[in-house]
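Descriptive structure summary
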Amino acid sequence: MVVVPGLDSAKEEFLDLVSALLAKGLAVFAMDGPGQGVLAATTTFVPDYERVVGRVIDALGAARIGLVGLSLGSYFAARAAALEPHVAAVATVSGPFRLDWEELPPPVRDIMARRAGGADAAREFARHVDLAALAPRIAAPLLVVDGDQDVIPGVTNGEPLARMVPHGTYLSVPHGDHLLGNARPDWLPHLSDHITHTLTGTPA
C-alpha cells in the first residue's frame, strides 16, 4: 500500500490515514516524490509520475499494490493507476480531475511554481493535469472522495474521474473541506475498507 502526498504536503502529515490502513493489516509505504516533502528542496515535480511509482514498486518487490493519493497526489495516483499494471486498487482524496492555470488562485500558482521549478514549468505542468484521456484506462477499482466545501477556482474536482473509470465509486461528503480533515469518520473507514477488500478480498 503506497500513500502519495500532494502539492504542499509531505508523507508525515497523513498519520491517521496510514494508521487506518495499518489497522487493516496492510503494509504501508508513505512516500515523498519529486518536488514533495523532504525532496522539495532538491527536486521538482514530474508529470510522468507513473515512473516514480514504478520505481517504488520495484524497490518494494510487490506484485500488486494499492495507491492512495491526496490532493494533487490524487492526480499522481490516478495517472499511475492508468499506466502502471501493478496497481490493483486506488483511492483519491480531494484530487483534481483537471487544472486551469489561469483560474488558479495566485497562492496556489506560487506554490506550484516553487515545486515545479518556475512559473513557466508550473504552467506546463498544470497543462498536463487532465485525466480525461487516462480515466478509461484505470482498470483497478477506484474510490474518489471529495468534500463539497472544497471549492478552489481552476480545479475540477473528482466526480468526472469516478464517472469515467470502469470501476469507479464516488463518495461526496457535504460538509467536507479540502482533504476532509473535518470529516474523517465520514470517509476514512470507507477508504480503508475499499483498499483492503480490493487487495485481499476481505469483506468490507
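Scroll up for the structure.
Structure report, in brief. (Residues numbered from 1 in each chain as written. Predicted model: local features only at pLDDT ≥ 70, side-chain atom pairs only at ≥ 80, totals over all residues. Heavy atoms only, no water.)

**What about the packing of helix H2 (residues 49–60) against helix H3 (residues 72–83)?**
Describing two packed helices takes the angle between their axes plus the distance from one axis to the other. In contact at an axis separation of 8 Å, H2 and H3 are set at 75 degrees when each is read in the N-to-C sense. Classed by the angle they form, the pair H2 and H3 counts as roughly perpendicular. Here H2 contributes Tyr 49, Glu 50 and Val 53 to the contact with H3, which in turn contributes Phe 76, Arg 79, Ala 80 and Leu 83. When its residues are assigned to classes, the contact of H2 with H3 shows 5 nonpolar, no polar and 2 charged. (Axes fitted to C-alpha atoms, helices over the stretch in contact; angles between N-to-C directions. Helix = DSSP H or I, 4+ residues; strand = E, 2+ residues; numbered from the N terminus. Parallel < 35°, antiparallel > 145°, perpendicular 65-115°, else oblique. Contact = heavy atoms within 4.5 Å. Nonpolar A, V, L, I, M, F, W, Y, C, P; charged D, E, K, R; others polar.)

**Brief notes about the layout of surface pockets**
Volume-wise, the largest pocket comes out at about 330 Å³. Lining the largest pocket are 19 residues, and of these Leu 7, Ser 71, Leu 72, Ile 152 and His 178 lie nearest its centre. When residues in the lining of the largest pocket are grouped by element, the largest group, 3 residues, is from helix H4 (residues 106–116). For the lining of the largest pocket, a count of residues per class yields 11 nonpolar, 6 polar and 2 charged. (1 Å grid on protein atoms, 1.4 Å probe; cavity = no way out; pocket = protein on both sides within 12 Å on 5 of 7 lines; lining within 4 Å. Points joined across faces, edges and corners; volume = space filled by probe spheres on them.)

**Quick word on the pairing of strand E4 (residues 87–93)**
Burial analysis of E4 places 7 of its 7 residues in the buried class, the great majority of the element. Where the polypeptide runs from strand E3 (residues 65–70) across H3 and back to E4, its parallel neighbour, the crossover connection is right-handed. (Buried < 20%, exposed > 50% of the residue type's maximum accessible area, 1.4 Å probe, protein only. Right-handed = clockwise from strand over helix to strand, strands pointing away.)

**Section: the environment of Pro 85**
As for its position among the elements, Pro 85 is in the loop between H3 and E4. With a relative accessible area of 72%, Pro 85 lands in the exposed category. Along the sequence, Pro 85 and Trp 101 sit 16 residues apart, while their C-alpha atoms lie 30 Å from each other.

**Some points on the pattern of salt bridges**
Under the criterion given, the structure shown has 11 salt bridges. A salt bridge links Glu 159 to Arg 163; the nearest nitrogen and oxygen atoms lie 2.9 Å apart. Note that Glu 159 and Arg 163 are positioned in helix H6 (residues 159–164) at a spacing of 4 residues, about one turn of the helix. Each member of the salt-bridge network shares a partner with another, and the members are Lys 11, Glu 12 and Asp 32. (Salt bridge = Lys/Arg side-chain N within 4 Å of Asp/Glu carboxyl O.)

**Describing the side chain of Asp 32**
Within the element layout of this structure, Asp 32 appears in the loop between strand E2 (29–30) and H2. A polar contact is formed between the side chain of Asp 32 and the side chain of Lys 11, at a distance of 2.9 Å. At a separation of 3.2 Å, a polar atom in the side chain of Asp 32 contacts the main-chain amide nitrogen of Val 38. Once residues lying within four places of it in the same chain are set aside, the contact partners of Asp 32 are Pro 5, Ala 10, Lys 11, Glu 12, Gly 37, Val 38 and Leu 39. (Polar contact = N/O pair within 3.5 Å; in protein donor to acceptor, adjacent residues only side chain to side chain.)

**A few points about the packing of aromatic side chains**
Each aromatic ring pair is characterised by the separation of its centres together with the angle its planes make. Per the counting criterion, the structure on display carries 5 aromatic pairs. Ring centres of Tyr 49 and Phe 76 lie 4.1 Å apart, and the angle between their planes is 15 degrees; this geometry places the pair in the stacked category. Here Phe 76 lies in helix H3 and Tyr 49 lies in helix H2, a separation of 27 residues in the sequence. Like Phe 76, Tyr 49 is buried. Aromatic side chains Phe 76 and Phe 125 sit 6.1 Å apart centroid to centroid with 55 degrees between the ring planes, which places their arrangement in the tilted category. (Phe/Tyr/Trp six-rings, centres within 6.5 Å; stacked < 30°, edge-to-face > 60°.)

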